[in-house]
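# Breakdown of the fold
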Amino acid sequence: MSKRVLVSGGAGFIGSHVTVELIEAGYDVVVADDFSNSDRTCYDGVRKITGREDIPLVEMDFCDLEATRKLFSDYAIDAVIHFAAFKAVGESVAEPVKYYSNNLTSFLNVIQAGRAAGCKNILFSSSATVYGEPDTVPVTEKTPRKPATSPYGNTKQMCEDILRDSVLAYKGLRGIALRYFNPIGAHPSALIGELPRGVPNNLVPFITQTAIGKRECLSIFGDDYPTPDGTCLRDYIDIVDLAKAHVYAVRRMLDGRMEEDYEIFNVGTGRPVSVLELVNAFEKVNNLKLNYKFAPRRPGDVTAIWADPTLANEKLGWKAERTVEQTLASAWAWEKHLAGK
Ligand code: UDP
């Protein structure tokens, strides 16, 4: 019998891509989402891509403990992947209580209700933000975490700790935290992708919206960083590659192959790319000119961070495969799909 995976926040950008990969790998999936930062677009896209009309969709808020308990009693869940969270760094600085309340409560409820229902496998979606401004790059999972620079980042650190402590205390519980670098791009079908609300904070949605004419000009934040071209360095990871890492991690848990009951993996390419390089690659692969200008540094940005993905390569048997050019072409195809072009 196939194993069933609950994907909280499964209608969102990462959750929808992970749902596709899980289904294609033969898992049953239950999608749960409160649609606070998504709509049905990606859920419908997932059904089209997989040809599966029958993917259960539960509209609920994981901050509601009773609803969370009901979900775990309505479906026998073998593993849960927890994405449901608020993710806007700037907003988290302005509204810390909203972020702590939502991101921590929902995760605590998942652990609590899951445990009561006998679900023993929890995968948490963490972030490279937990490393802060690292002293050395690339970062390994052993690179010390730095104090978080935003309430959002702090909730990622706190949820990692909650998972680690829960695994330590509750026998039989297993946890994996995946630390994502910069997920970009869209599914090659262009049926699912990122749907930013309002002005995008992230680089690639801002680039594609500028290219389509929704935004006038991209500002490149800072050209005086101590990097080869003066712009920041990041590890941009294709969203489908990133989604596949979840399948490998879930399989490792469900097959009982974990070496520790709590494990952490970096999910990145190991390849640093500057903002300017990314913009140039976008122009080249999509054969267009982007309107951009240099602007002052954005407060809170780190100069350079990229992953050492060796642990995930070796232990999960996973590796990022798509080139940044392929990924940027997929991001552009998705933006055009949204514009009906
Ligand atoms: N960035 C930029 N202009 C934008 C948005 C982002 O120059 O409109 C830069 C930002 O300074 C950083 C990189 O792009 O160096 C990636 O930013 P993003 O917000 O996508 O991810 P982060 O690394 O901050 O999580």
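It should be noted that the structure appears before, not after, this text.
Residues numbered from 1 in each chain as written. Predicted model: local features only at pLDDT ≥ 70, side-chain atom pairs only at ≥ 80, totals over all residues. Heavy atoms only, no water.

### A look at the packing of helix α1 (residues 13–24) against helix α2 (residues 41–50)
At a closest axis distance of 9 Å, the pairing of α1 and α2 adopts a crossing angle of 25 degrees. Relative to α2, α1 is oriented roughly parallel. Like other packed secondary-structure pairs, α1 and α2 cross with a definite hand, here right-handed. Contact residues: S16, T19, V20, I23 and E24 in α1; C42, V46, I49 and T50 in α2. Tallied by class, the residues present in the contact of α1 with α2 amount to five nonpolar, three polar and one charged. (Axes fitted to C-alpha atoms, helices over the stretch in contact; angles between N-to-C directions. Helix = DSSP H or I, 4+ residues; strand = E, 2+ residues; numbered from the N terminus. Parallel < 35°, antiparallel > 145°, perpendicular 65-115°, else oblique. Left-handed = near helix turned anticlockwise from the far one by under 90°. Contact = heavy atoms within 4.5 Å. Nonpolar A, V, L, I, M, F, W, Y, C, P; charged D, E, K, R; others polar.)

### Regarding unusual backbone geometry
The residue after V137, namely P138, is reached through a cis peptide bond having omega -5 degrees. Checked against the element boundaries, P138 lands in the loop between β5 (121–127) and α6 (151–169). You will see that A190, though not glycine, has its phi angle at about 60 degrees, which is positive. Looking at where A190 falls in the secondary structure, it is placed in the loop between β7 (182–184) and α7 (203–212). Not every positive phi belongs to a glycine, and N287 is a case in point at roughly 55 degrees. Within the secondary structure layout, N287 lies in the loop between α9 (275–286) and β13 (292–295).

### Re the pairing of β5
Across the seven residues that make up β5, a large majority, seven, are buried. Burial of the side chains of β5 extends over both faces: N121, L123, S125 and S127 are buried on one face and I122, F124 and S126 on the other. Here β5 runs beside strand β6 (residues 174–180); their pairing, made up of seven bridges, is parallel. In the strand pairing of β6, I122 is matched with G175. (Buried < 20%, exposed > 50% of the residue type's maximum accessible area, 1.4 Å probe, protein only. Pairing = 2+ DSSP bridges.)

### Description of the site of the ligand
The ligand sits among 15 residues. The nearest are S219, F221, R234, R298 and D301. Between an oxygen atom of the ligand and a main-chain N or O atom of N201, the distance comes to 3.5 Å. Taking S219, its main chain carries an N or O atom lying 2.7 Å from a nitrogen atom of the ligand. Out of a free accessible area of 510 Å², the ligand has 85% covered by protein chains. (Near = heavy atom within 4 Å. Polar contact = N/O pair within 3.5 Å; in protein donor to acceptor, adjacent residues only side chain to side chain. Areas by Shrake-Rupley, 256 points an atom, 1.4 Å probe, with all protein chains shown as cover.)

### Observations concerning helix α8 (residues 239–254)
Here α8 spans 23 Å end to end across 16 residues, near enough to the 22 Å set by a 1.5 Å rise per residue. Of all 16 residues that make up α8, 13 are buried, and the element is covered over most of its length. Taking the backbone nitrogen of V240 as reference, a side-chain oxygen 2.8 Å away marks D238 as the first, capping residue of α8. G256 occupies a position one or two residues after α8 and carries a positive phi of about 70 degrees. (Expected span 1.5 Å × (residues − 1).)

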